[in-house]
Amino acid sequence: MSTPRKRGVAAVWTNTLVYAILVIGAVLVLAPFALSVMTSLKTPRQFATSSPLEPPAPPTLDNFTNLFAGGTKVDFSRAFGVTFAVVIVVLVGQLLFSIMAAYAFARISFPGRDAVFWVYLATLMVPQVVTIVPLYLMMAQSGLRNTFWALVLPYVFGSPYAIFLLREYFRSIPQDLIDAARLDGAGTIRVLTRIVVPMSRPIIATLALITVVTHWNNFMWPLIVTTGQDWAVITVATSSLQSQYTNNWTLVMAATTIAMAPLILIFALFNRRIVDSIAITSFK
């Protein structure tokens, strides 16, 4: 039989092993980001003559200045602004239309409601690459190719995942609250805005975070539907920068660092909400 002392020693070793694995995993995940920042703060000469793991001595902001001061062939400041505008428009549209659709599927009875919902949800099984060509033809024939609307229209009216996530949460709200509001004379819109949405802030925050991260990093569709620099998003601009300045990795790493910066800022400001959102998403 094991003694309490032996069990205590085994628990210490187990915890030590677990934390060691976590530390190794954290290093493997964070190392590329740290290397990107270090490289972006070096001059091309420093990068060529020193080890990639060696810190910049001294650090320089010339790479960032070149990106935003017109020192490259890529209009990076415009790409940053286009990406920000796309994310804001898509975020507002996703929240507005997904909330309304999810409430309809969760709380409003109409013929074929469940059948329509499950058919719509089944589109999650269709890979994005399958819809690229039809979407492109629709935009081209509508005269919207290489425009701002081509970037946002495929996403602004909600998504199956967003509607499913909200619907399941809306169904968990007690029906008695909604019935009480209707007895007080509240209509559908008032019930949605005064009862359902305030009680669903955690899941709405989850959807908002997922939407921002997804569309800030979106690459394939903007690459296909836009040409030139007028409506290039930050991921496409960074890719173009890499192809034009293959040997200037300090400039490319400065671009990737800028692309990561807003997401790091979001995590720093809303880390507690992000952890809660992960728990909610896993539960649902």
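Residues numbered from 1 in each chain as written. Predicted model: local features only at pLDDT ≥ 70, side-chain atom pairs only at ≥ 80, totals over all residues. Heavy atoms only, no water.

Put simply, the rule is: UniProt positions are given in the numbering used here, feature names are shortened, and annotations may be inferred rather than shown by experiment.
Naming follows an unreviewed UniProt entry, where the protein appears as Carbohydrate ABC transporter membrane protein 2, CUT1 family of Schaalia radingae. UniProt lists a comment for the protein under the heading Sequence similarities (unreviewed entry), and it reads "Belongs to the binding-protein-dependent transport system permease family."

1. Quick look at a nonpolar patch on the surface
Quick note on the threshold: A patch is a set of surface residues, each over 30% in relative accessible area and not in a salt bridge, joined within 9 Å for like charges and within 5 Å for the nonpolar side chains Val, Leu, Ile, Met, Phe, Trp and Tyr. All accessibility values rest on the Shrake-Rupley procedure with a 1.4 Å probe; residue burial counts only the protein chains present in the view. Here a salt bridge means any side-chain nitrogen of Lys or Arg lying within 4 Å of a carboxyl oxygen belonging to Asp or Glu. Helix and strand labels come from DSSP, where a helix needs a run of H or I of at least four residues and a strand needs a run of E of at least two; each type is numbered from the N terminus.
On the surface, a nonpolar cluster with roughly 550 Å² of combined accessible area is contributed by Val-126, Val-129, Val-130, Phe-219, Met-220, Leu-223 and Ile-224. When contributions to the nonpolar patch are tallied by element, the ones reaching two or more residues are helix H6 (128-141) and helix H12 (220-225). With 3 residues, the top contributor of residues to the nonpolar patch is H12.

2. Re empty space enclosed by the protein
Which entries qualify depends on this criterion: Lining residues are those with an atom within 4 Å of a point, where the points come from a 1 Å grid over the protein atoms alone and group into cavities, where a 1.4 Å probe fits but cannot get out, or pockets, open sets with protein on both sides within 12 Å along at least five of seven lines. Grid points are joined across faces, edges and corners, and a volume is the space filled by probe spheres set on the points.
In the structure shown here, the tally under the stated rule is 1 cavity of 30 Å³ or more. For the largest cavity, the full set of lining residues is Thr-83, Val-86, Leu-151, His-215, Asn-218, Pro-222 and Val-233.

3. Comments concerning the nonpolar core
Most often, soluble globular proteins have nonpolar side chains that are buried together. What counts here: Buried Ala, Val, Leu, Ile, Met, Phe, Trp, Tyr and Cys residues that are joined via side-chain atoms within 4.5 Å together make up what is termed a nonpolar core. Each residue is assigned to one of three classes by its accessible area relative to the maximum for its type, calculated with a 1.4 Å probe on protein chains only: buried under 20%, partly exposed between the two thresholds, exposed over 50%. Every residue pair with non-hydrogen atoms within 4.5 Å of one another is taken to be in contact.
Core analysis: the biggest nonpolar cluster contains 42 residues, and Leu-67, Phe-76, Tyr-103, Leu-166, Phe-170, Val-191 and Val-196 have the highest contact counts within it. If one sorts the elements of this core by residue count, helix H4 (residues 76-107) sits on top with 10 residues. Setting aside residues up to four positions removed in sequence, Phe-76 forms contacts with Leu-67, Phe-68, Ile-234, Ala-237, Thr-238, Ala-255 and Ile-258.

4. Some details on helix H8 (residues 160-171)
Condition: Expected span, for any helix, means 1.5 Å times one less than how many residues it has.
Under the 1.5 Å per step criterion, the end-to-end length of H8 is 16 Å for 12 residues, consistent within 8% with the ideal 16 Å. Inspection of H8 places Pro-160, Ala-162, Ile-163, Leu-165, Leu-166, Arg-167, Tyr-169 and Phe-170 among the buried residues, and these make up the whole buried set. Taken together, the buried residues of H8 touch H4, helix H5 (113-121), helix H10 (188-199) and helix H11 (201-216).

5. With respect to the packing of H6 against helix H7 (residues 148-156)
This is how it is decided: Angles here are taken between N-to-C directions and fall from 0 to 180 degrees, while the axes themselves are lines fitted to C-alpha atoms, restricted in helices to the stretch in contact. We call two directions roughly parallel when the angle between them is under 35 degrees, roughly antiparallel when it is over 145, roughly perpendicular when it lies between 65 and 115, and oblique otherwise. Left-handed describes a crossing whose near helix is turned anticlockwise from the far helix through less than a right angle; right-handed describes the clockwise counterpart.
Look at H6 against H7: their axes get within 11 Å of each other, and the N-to-C directions meet at 125°. Comparing their axes, H7 and H6 come out oblique. For H6 against H7, the interelement crossing comes out right-handed. Between H6, through Gln-128, Leu-135 and Met-139, and H7, the contact on the second element is made entirely by Ala-150, Leu-153, Pro-154 and Tyr-155.

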